[in-house]
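Observations on the model geometry
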Amino acid sequence: MAAHILLPERHDCPLCDCVEGDREIVAANEIAVVFADAFPVSQVAHWLVVTRSHIGNMFELSTHELSQYWQLVQEAGRLMIAKFPHTTGVNIGANVGESAGMTVPHIHTHIIARQQGDTSDPRGGVRWVVPEKADYWS
């Protein structure tokens, strides 16, 4: 693993608390762990892939670390689909930086189970982070 500078707010990081605490781990590897989001947006499943180390920006990861991280995202997505058979789609999203909506400065990626009909019009998916740009088909 590459050496990273730990962010000063590590002692107050809720994601570090989850990684180091007694949360039920869904999947894991040397770089990251997967567990349920405390504030799910899906009634089926909403998981977080979170780095074991307190690193604030995924662009600081080495190529090896990033590869391992995204392999775990893939594994978690496949597991979610297998575990919840009515899952017909998955949203995967990561916020990098406060201006992108990151509220906890610790690398994490959301994996959100979707089902047919769970919203009236799912088109645009993650594009809705900028609502006035999301509806590009009208």
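The notes below deal with the structure included here. (Residues numbered from 1 in each chain as written. Predicted model: local features only at pLDDT ≥ 70, side-chain atom pairs only at ≥ 80, totals over all residues. Heavy atoms only, no water.)

1. Quick word on the overall build of the chain
For the record, the criterion: Going along the chain from the N terminus, every DSSP run of H or I of four or more residues is numbered as a helix, and every run of E of two or more is numbered as a strand. A radius of gyration in this sense is built from C-alpha atoms; the matching globule rule multiplies 2.2 Å by the number of residues raised to 0.38. Here the accessible surface of atoms and residues is derived via Shrake-Rupley with a 1.4 Å probe, and residues count as covered only by protein chains that are part of the display. We score Asp and Glu as negative and Lys and Arg as positive, and we do not count His or the chain ends. Note on charges: their place is set at NZ of Lys, CZ of Arg, CG of Asp or CD of Glu.
Within the chain one finds three helices and five strands. Going from the N terminus to the C terminus, the chain shows its helices and strands as α-β-β-β-α-β-β-α. Over its C-alpha atoms the chain spans a radius of gyration of 16 Å, differing by no more than 12% from the 14 Å that the globule rule assigns to 138 residues. Along the first, second and third principal axes, the C-alpha atoms of the chain reach 45 × 35 × 30 Å. With an accessible surface of roughly 8400 Å², the chain has 54% of that area assigned to carbon and sulfur atoms. For the chain, the distance from the average position of its 9 positive side-chain charges to the average position of its 16 negative side-chain charges is 8 Å.

2. Concerning the packing of aromatic side chains
In plain terms, the rule: Aromatic pairs are defined between Phe, Tyr and Trp rings, using the six-membered ring for Trp, whenever the two ring centres lie within 6.5 Å; interplanar angles under 30 degrees are classed as stacked, those over 60 as edge-to-face, and all others as tilted. Each residue is placed in one exposure class: buried if its accessible area under a 1.4 Å probe, protein chains only, is under 20% of its type's maximum, exposed if it is over 50%, and partly exposed if it falls in between.
Considering all chains together, one arrives at three aromatic pairs under this definition. Centre to centre, the rings of Y69 and W70 are 5.7 Å apart; their planes meet at 85°, and the pair counts as edge-to-face. Among the residues examined, Y69 registers a relative accessible area of 0% and is labelled buried. Look at W70 and you get partly exposed, because its relative accessible area is 36%.

3. Topic: the sheet that holds strand 1 (residues 27–28)
As a reminder of what qualifies: For two strands to be treated as a pair, DSSP must find no fewer than two bridges joining them.
The five strands are arranged 1-2-3-5-4 in an open sheet whose pairing can be described as antiparallel. Two strands close off the open sheet at either side, each with one partner strand: strand 1 and strand 4 (89–93). Both strand 3 (residues 46–51) and strand 5 (residues 108–114) contribute to a ladder of five bridges, which runs antiparallel. Residue pairing in the sheet places V50 in a bridge with H108 of strand 5.

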